[in-house]
Amino acid sequence: MKTNIPLSVVFLTAAVSSTNYNTVHNLTDTLLNGYNKMVRGSKDMTGKTTVRFTFQIVNIVEFDERNGKLSITGFFFLQWNDYRMTWDPEQYNATTSLMFVTEDVWTPNIILSSAHSDFRGLGVKELPIRFDNTGNSYWYPADVFKTACTPDIYYYPYDTQICDIFFSFWGYGVNEVGFQPFIDEVNRYVYTEHGLWNLTESSVGAIEDARANLIFLYIQLKLTRMPEFYLINMILPVMTIGMLNILVFLLPAESGERVGFSITVLLAIAVFQTIASEKLPAISRPQVSLLCIKLLVDLCLSVLVTTLAIVSLYFYDMSDSRKVPDCLRAICKVILCKKCEKDKEKDKEGYQEEETYKIYQIIDGQQITASISISDNHSSNDEGSKCTDITWVDIGRCSDIVFAVFSILAFIASNVVFAVLAM
């Protein structure tokens, strides 16, 4: 919502320019004669002096998550009525407004109570305050407000931060001064977008603590981070490096590069984990960042892949004199699709193969047929046997397949879970 509050200043400035210097000088002296700036300008001191306000944000200077500091540039518009600042314009050459320095008149003593480093009054002393002939004030105190804001980095870099900026009114109680906002959100009439944070929502209001007899003004800003930079420069490279763990088991075991390759991937993930930890604040409350958890999981998976690569090489280098356990033999046959094709009728020691031949002879014009059977002994260990044995090299190949499938499933699971939780 945009307001036309700044236009009132232009109108009042034009009204002053129609008068002469002597008239304004005499009117100023008359109004400040006997004026006590420590007393609020209310005829009935038992009643409240109502201060109406709105906040105009200019831009977001920075949001330092590591130090928990939010810096914004903006200004308030504050309006109240001071009966001592009233006059008849007809008696003063149609003068309808005057400008005063803040040190000469009563102003609300507002302090940034949620300051990050130091406490100080609202606005700059050099900024003036204007009154019209009815006693209404027009004050625009501006400053760079540095407030404390503890971030919630759980969804980093897809996070949304809610920062509350509190201003307290010192010197007066809840029964003396009251605050009322013109609108219930921050004015963005001259707001300039930030390159990293989007201001999605805002609200303003006043809180009265009767028990502590204090009055607070609050400004709430909801900031949403634009994650494209971190997606391209951090998340996608980490995912790409994680894919390299799958390729470890495609390297030939004879190359001798498996362990070195896996350790290189492990160190690359550790470097990205260090970079991420430097950018994020060292806080665990309310929650640790999902990205840090994902990097830790990827680091553990990379350590596991390095261990599995060493185990696989151990199988390849196993001596052939050592018997392969039956359980590994059975599993490897299933994985490599190897079958021992033997007839059930064949004996374990060997079997006989019998061939029958027919002999034809003609005697006295008649055909006589005779059968001759020839037997041949075969052993189950002949070269023609279709039973293939399992060696330790086959076990190493089976382990490569199993470990590669495990790496693929772990990579997919870790990234899918991170995407679901972060989005």
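Provided above is the structure to which this section pertains.
Residues numbered from 1 in each chain as written. Predicted model: local features only at pLDDT ≥ 70, side-chain atom pairs only at ≥ 80, totals over all residues. Heavy atoms only, no water.

S.K.: Got a minute to help me understand the overall build of the chain in this structure?
M.R.: Secondary structure summary: the chain contains seven helices and 14 strands in total. Here the chain holds 423 residues, and 39% of them are scored as buried. At a minimum sequence separation of 6, the contacts of the chain that also span at least 24 residues come to 75%. Carbon and sulfur atoms make up 57% of the accessible area of the chain, which totals about 24,200 Å². (Helix = DSSP H or I, 4+ residues; strand = E, 2+ residues; numbered from the N terminus. Buried < 20%, exposed > 50% of the residue type's maximum accessible area, 1.4 Å probe, protein only. Contact = heavy atoms within 4.5 Å. Areas by Shrake-Rupley, 256 points an atom, 1.4 Å probe, with all protein chains shown as cover.)

S.K.: Help me understand empty space enclosed by the protein, please; the structure alone is not making it clear to me.
M.R.: Here the idea is plain: a probe the size of a water molecule rolls over the atoms and shows the empty space left. For the coordinates displayed, the defined rule picks out one cavity of 30 Å³ or more. Size it by volume and the largest cavity reaches roughly 130 Å³. As for the largest cavity, its lining consists of 15 residues, and the residues nearest its centre are Gly 242, Asn 245, Leu 301, Ser 407 and Phe 411. Elements represented by at least two residues in the lining of the largest cavity include exactly α3 (228-247), α5 (290-316) and α7 (392-422). Among the residues forming the lining of the largest cavity, the class breakdown is eight nonpolar, five polar and two charged. (1 Å grid on protein atoms, 1.4 Å probe; cavity = no way out; pocket = protein on both sides within 12 Å on 5 of 7 lines; lining within 4 Å. Points joined across faces, edges and corners; volume = space filled by probe spheres on them. Nonpolar A, V, L, I, M, F, W, Y, C, P; charged D, E, K, R; others polar.)

S.K.: What am I meant to see in the packing of α5 against α7 here?
M.R.: Any two packed helices are characterised by the angle at which their axes cross and by the distance between the axes. Contact geometry of α5 with α7 gives a least axis separation of 9 Å together with a crossing angle of 175 degrees. Classified by the interaxial angle, the pair formed by α5 and α7 is roughly antiparallel. Grouping the constituent residues of the contact of α5 with α7 by class yields 19 nonpolar, six polar and four charged. (Axes fitted to C-alpha atoms, helices over the stretch in contact; angles between N-to-C directions. Parallel < 35°, antiparallel > 145°, perpendicular 65-115°, else oblique.)

S.K.: When you look at the sheet that holds strand β5 (residues 110-112) in this model, what are you seeing that I'm missing?
M.R.: Whether parallel or antiparallel, the strands of a sheet pair through hydrogen bonds between backbone atoms. The four strands are arranged β5-β9-β12-β11 in an open sheet whose pairing can be described as antiparallel. Each edge of the open sheet is held by one strand with a lone partner, namely β5 and β11 (197-209). Sheet twist, expressed as the average angle between the axes of neighbouring strands with direction ignored, equals 20 degrees. Pairing of β11 with strand β12 (residues 214-225) involves twelve bridges; the strand directions are antiparallel. Considered in β12, the bridge of Glu 201 is made with Lys 222. (Pairing = 2+ DSSP bridges.)

S.K.: Honestly, helix α2 (residues 21-32) in this entry has me stumped. Any pointers?
M.R.: With twelve residues, α2 extends 17 Å from end C-alpha to end C-alpha; this agrees with the ideal 16 Å at 1.5 Å per step. Taken as a whole, α2 has its buried residues at Thr 23, Leu 27, Thr 28 and Leu 31. Summarising the axial view, the buried residues of α2 lie within an arc of 130 degrees, below the 170-degree limit, and thus occupy one face. Residues of α2 that are exposed and point more than 90 degrees away from the buried face comprise Tyr 21 and Asn 22. Looking at the buried residues of α2, the elements they touch are β3 (81-86) and β4 (97-100). Trailing α2 by a residue or two, Gly 34 shows a phi angle of about 80 degrees, which is positive. (Expected span 1.5 Å × (residues − 1). Arc of directions from axis to C-beta.)

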